[in-house]
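Structure assessment
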Amino acid sequence: MKLLELFREHLKNSPLPTRQRAGAAERTIAGYVRDVMAFLRWWERETEPADWRNPIERVKPPKLPDNPLPPVPLADLQAMLATCDKSLAGQRDRAILLCLLDTGCRAAEFVALDITDIDLAAGVVTIRHGKGDKRRTVFLGAKSRRELLRYLRLRGNPTDGPVWCTLDGTRLTYAGLRQVVRRRAEAAGVPVPALHSFRRANALLTLRGGADLVSVSKLLGHSDLAVTRRYLKLETSDLAEAHRKAGPVDHWVR
């Protein structure tokens, strides 16, 4: 237990803002414990020390809360979209909001996209360097492609370089993307959504639309279905709808 207390004390002195420390503390501690466990087990196997007992063998990582980040509410998203005018900035921000939801990209993957990564005719988007440097394919629907094309036309139909740019023409950064979302939320008078909430909304809405869990997992770039299951904690309304569609008595008992 002393080890866990040491990790908690370390987090108290972390440079992260207090709000972020509170939300990430237990997950970060669990990660620390797993890393130390893995190292000590490797060292034990490699060196085979005599009369040595692994000091962390009985330490259990803290139980993680099962409370995934809520998805961006669709009503809030619609209000944010309504603040986007037909200027370059307005059209860019409208395309960003729609494409961020439609692709389910991580924010870092999203700002790293180049024009050559997107086939606008087919709606195919290639993520060349996803988490773990893994490559995958995601997709854009007709509405998102239309808004993205309008934005690129306002930019002069560039054929290469970054998809998402500042008004000065440089690549939009993670911080810049966060500022775009913050500005639109404040203009709409709605709570500022986290960038990752667009990704969870993508996953939930895709699942509700009829996609299977394996397909959703592949689109998200998860290496394990267990991660996707935690990510897609269904609401009571989802379960009620599932029962309405497939309840055993209504559908099988006569």
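Just so you know, these numbers come straight off a predicted model, no measurement behind them.

Details of the overall build of the protein chain
Each helix and strand in the protein chain was counted, giving 12 helices and 3 strands. In the protein chain, which comprises 254 residues, the share counted as buried stands at 34%. For the protein chain, the computed accessible surface area is about 15,800 Å², with 56% contributed by carbon and sulfur atoms.

Overview of helix H3 (residues 74-81)
Looking at H3, one finds that the buried residues are Asp76, Leu77, Met80 and Leu81. For H3, the arc enclosing every buried residue in end-on projection is 140°, short of the 170-degree limit, so these residues lie on one face. Exposed residues on H3 whose side chains face more than 90 degrees from its buried face are Ala75 and Gln78. In this structure, the buried side of H3 is in contact with helix H4 (88-103), helix H7 (174-188) and helix H8 (195-208).

Things to note about the nonpolar core
Of all hydrophobic cores here, the largest spans 38 residues; its most connected members are Leu97, Phe110, Leu148, Trp164, Leu177 and Phe198. For this core, the elements supplying multiple residues, two or more each, are H3, H4, helix H5 (107-111), strand E2 (124-127), helix H6 (142-154), H7 and H8.

Quick word on the pairing of E2
Looking at chain direction, strand E1 (residues 118-119) and E2 are connected through 2 bridges and run antiparallel. Note on E2: the bridge partner recorded for Ile118 is Val125. Between E1 and the antiparallel strand that follows it, E2, lie 4 residues; Gly123 among them carries a positive phi value of about 75°. Note: E2 against strand E3 (residues 136-139), 4 bridges, orientation antiparallel. Bridge pairing in E3 links Thr126 to Thr137.

A short note on the packing of H4 against H6
It is the contact of H4 with H6, at a shortest axis distance of 9 Å, that shows an interaxial angle of 150°. H6 is crossed by H4, and the crossing has left-handed handedness. Of H6, the residues touching H4 (which contributes Leu88, Gln91, Arg92, Arg94, Ala95, Leu98, Cys99 and Asp102) are Ser144, Glu147, Leu148, Arg150, Tyr151 and Leu154.

A look at the packing of H8 against helix H9 (residues 213-220)
Axes are the key here: two packed helices are described by the angle between their axes and the distance separating the axes. Viewed as axis vectors pointing N to C, H8 and H9 meet at an angle of 155°, and their least axial separation amounts to 10 Å. When the interaxial angle is binned, H8 and H9 end up roughly antiparallel. By crossing handedness, the relation of H8 to H9 is classed as right-handed. Contact with H8, carried on its side by Arg199, Asn202, Ala203, Thr206 and Leu207, involves Leu213, Val216, Leu219 and Leu220 of H9 and no other residues of that element. Of the residues contributing to the contact of H8 with H9, the split by class is 6 nonpolar, 2 polar and 1 charged.

Examining the side chain of Asp93
Along the chain, the position of Asp93 falls in helix H4. There is a polar contact of 2.9 Å between the side chain of Asp93 and the side chain of Arg92. Within the structure, Asp93 has its side chain in polar contact with the side chain of Arg183 (distance 3.4 Å). Sequence-distant contacts of Asp93, defined by excluding residues within four places in its chain, comprise Cys84, Val180, Arg183 and Arg184.

Overview of a nonpolar patch on the surface
There is a patch of nonpolar side chains on the surface, built from Phe39, Trp42 and Trp43 and spanning about 320 Å² of accessible area. Turning to its location among the elements, Phe39 is positioned in helix H2 (residues 18-47).

Structural notes on the pattern of salt bridges
Pairing between side chains of opposite charge can happen when the charged atoms of each approach one another. This structure, assessed with the given rule, holds 10 salt bridges. The partner of Asp93 in a salt bridge is Arg184, with the nearest N and O atoms 2.8 Å apart. In this pair, Asp93 sits in helix H4 while Arg184 sits in helix H7, placing the two residues 91 residues apart along the sequence. Note on accessibility: Asp93 and Arg184 belong to one class, buried. Across the salt bridge formed by Glu186 and Arg182, the nearest N and O atoms sit 3.8 Å from each other. One end of the pair, Glu186, and the other, Arg182, are both in helix H7, 4 residues apart, so they sit about a helical turn from each other. Relative accessible area serves as the criterion here: at 52%, Glu186 is assigned to the exposed category. The class of Arg182 is partly exposed, set by a relative accessible area of 36%. Each member of the salt-bridge network shares a partner with another, and the members are Arg92, Asp93, Arg183 and Arg184.

Criteria and cut-off values
Residues numbered from 1 in each chain as written. Predicted model: local features only at pLDDT ≥ 70, side-chain atom pairs only at ≥ 80, totals over all residues. Heavy atoms only, no water. Helix = DSSP H or I, 4+ residues; strand = E, 2+ residues; numbered from the N terminus. Buried < 20%, exposed > 50% of the residue type's maximum accessible area, 1.4 Å probe, protein only. Areas by Shrake-Rupley, 256 points an atom, 1.4 Å probe, with all protein chains shown as cover. Arc of directions from axis to C-beta. Contact = heavy atoms within 4.5 Å. Core = buried A, V, L, I, M, F, W, Y, C linked by side-chain atoms within 4.5 Å. Pairing = 2+ DSSP bridges. Axes fitted to C-alpha atoms, helices over the stretch in contact; angles between N-to-C directions. Left-handed = near helix turned anticlockwise from the far one by under 90°. Parallel < 35°, antiparallel > 145°, perpendicular 65-115°, else oblique. Nonpolar A, V, L, I, M, F, W, Y, C, P; charged D, E, K, R; others polar. Polar contact = N/O pair within 3.5 Å; in protein donor to acceptor, adjacent residues only side chain to side chain. Patch = residues over 30% accessible without salt bridge, like charges linked within 9 Å, V, L, I, M, F, W, Y side chains within 5 Å. Salt bridge = Lys/Arg side-chain N within 4 Å of Asp/Glu carboxyl O.

Such coordinate-based values are descriptive only and should not be taken to indicate function.
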